[in-house]
Structures are given as structure tokens and as C-alpha cells.
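Working through the structure, step by step
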Amino acid sequence: SQQGEEDPQALSIQEGENATMNCSYKTSINNLQWYRQNSGRGLVHLILIRSNEREKHSGRLRVTLDTSKKSSSLLITASRAADTASYFCATDAERLTGGGNKLTFGTGTQLKVEL
Amino acid sequence: DGGITQSPKYLFRKEGQNVTLSCEQNLNHDAMYWYRQDPGQGLRLIYYSQIVNDFQKGDIAEGYSVSREKKESFPLTVTSAQKNPTAFYLCASMGRGIMNTEAFFGQGTRLTVV
């Protein structure tokens, strides 16, 4: 099963509205990250929140982390058509053989922002 | 420009053929990863390498092989043993240490079996 599960699977909003996506995970983490993927392209890192942080901001992005509930949310304020993309959370609960962290990705939320 | 480059963008494979996907990075990252993405699904780890001349199997390594002869390069070969190779393949790199957990991705290679 996936370490990270995003909710909702798809979200359609009007330009100017806020978009909220949620991510739940199963085991303890060091940090949680959010990535964005435009259709047919690679993933781009948006923001990282550490396990000892509760909220973080970056431009129009606001991320919260509740380690007691094992959940995170990504809020995009004043959305634009250019925000249309898939958004993934990634957690680093597992260590890899030889060191380093394994990033485990959820199935993503497809966001569509309409004009 | 620092970054990670995958090629080709599109690749077509006939049944029974091996094909190799290229991944090159100039970020001086030690760690490199290959992921597979199927429609509507998240990313699944195929292989990873933490250092030159060393690599490890990920969650779905069967039917794939890799090499890491240079720090900058981590090619993935999809062998004829991979029964369902049609997918979007993503290469990523990452610095080492607990402070370097942001992954940098290439633009992906879409592989189709014809």
C-alpha cells in the first residue's frame, strides 16, 4: 500500500479560488515534501516541511503537517490556470540500503483550474 | 545550467527488444534513482544508486538493469524480461545527507511497446 495517499484524486476549481489537497501517511517520517507534475513532464519540488514543523509558506503555497494524525495539507491560494497539474506528496520513512532516504510518492491529486 | 537530462523523450520498443534510457546529471549529486509511473498512479522505485559503481534494486526491479560507471550517468535498460514495459520513466537525483532530501527530476521518457 502507498505510504502517502492524496485526497481528493481530482479537483476542479475556478481561477482565483483556493485549492486544498490532503496527504495521509502511515509511518513516522523525517520530512514530507510536495511536488508538482505538469502533464507528460517530470516532477518539480515545491516545498518541504520537517517533522518538527507545523506550517510552512512559500509564495502562494501553504503546507501544514500534523504528525499526530499523520497528515499534511497543501493549500494553493488565488489559483491560476497555470496551476493546473498533478500534485504529489512524498515521505521519507524508509532508509535505503547503502544509506540515503527512500522517497515514497502517493498517487497524486489532479488539479484543474478553469478560467 | 545545472540539471538532469533524460533521453529520448519518446521511445518505441518492439517485443523482445532491449532498450536503454539515458539519464545524465550535472548537479554533482551522489544519489540517482529510476522510477516508473503508470497512468493514475504514483511513482514506483525501480533501481537506485547511492555512489558510483554501486546500485540496489528498488520495489519493481524485475526486467530492468542499470549501471553506474560515472557519477553523472545512470542508464536504465528495459529488458525483454519486462512483460509490461509501456510506462513513463522518470530519473531523479539527490544530494546525500539528511539535509539534502529534495529530489531533482528529469523530464521523463515515455516508452511504448509496438
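Before going into details, it helps to say that this report is about the structure given with it. (Residues numbered from 1 in each chain as written. Chains lettered and ligands numbered in written order. Predicted model: local features only at pLDDT ≥ 70, side-chain atom pairs only at ≥ 80, totals over all residues. Heavy atoms only, no water.)

Describing the state of the cysteines
Counted according to the given criterion, the structure contains two disulfides over all chains. The disulfide bridge from Cys23(A) ends at Cys89(A), spanning 2.0 Å between sulfur atoms. The disulfide joining Cys23(A) to Cys89(A) has a torsion of about 65 degrees about its S-S bond and is therefore right-handed. Residue Cys23(A) is found in strand β3 (residues 19–25), and its partner Cys89(A) is found in strand β9 (residues 85–95); the two are separated by 66 residues along the sequence. The class for Cys23(A) is buried, based on a relative accessible area of 1%. One disulfide in the model links Cys23(B) with Cys91(B); its S-S distance is 1.9 Å. Torsion about the S-S bond of the Cys23(B) and Cys91(B) cystine: about -75 degrees, corresponding to left-handed handedness. You can see Cys23(B) sitting in strand β3 (residues 19–25) and its partner Cys91(B) sitting in strand β9 (residues 87–94), a full 68 residues away along the chain. Per residue, the accessibility class of Cys23(B) equals that of Cys91(B), and both read buried. (Disulfide = S-S within 2.5 Å. Helix = DSSP H or I, 4+ residues; strand = E, 2+ residues; numbered from the N terminus. Buried < 20%, exposed > 50% of the residue type's maximum accessible area, 1.4 Å probe, protein only.)

Notes on the sheet that holds strand β7 (residues 64–66) of chain B
Residue and element names in this part refer to chain B. Pairing is antiparallel in the open sheet, where four strands are placed in the order β1-β3-β8-β7. This sheet does not close on itself; its edge strands, each paired only once, are β1 (4–7) and β7. With direction set aside, neighbouring strand axes in the sheet form an average angle of 20 degrees. Here three bridges tie β7 to strand β8 (residues 76–78), and the two strands are oriented antiparallel to one another. Residue pairing in the sheet places Val-66 in a bridge with Leu-76 of β8. (Pairing = 2+ DSSP bridges. Axes fitted to C-alpha atoms, helices over the stretch in contact; angles between N-to-C directions.)

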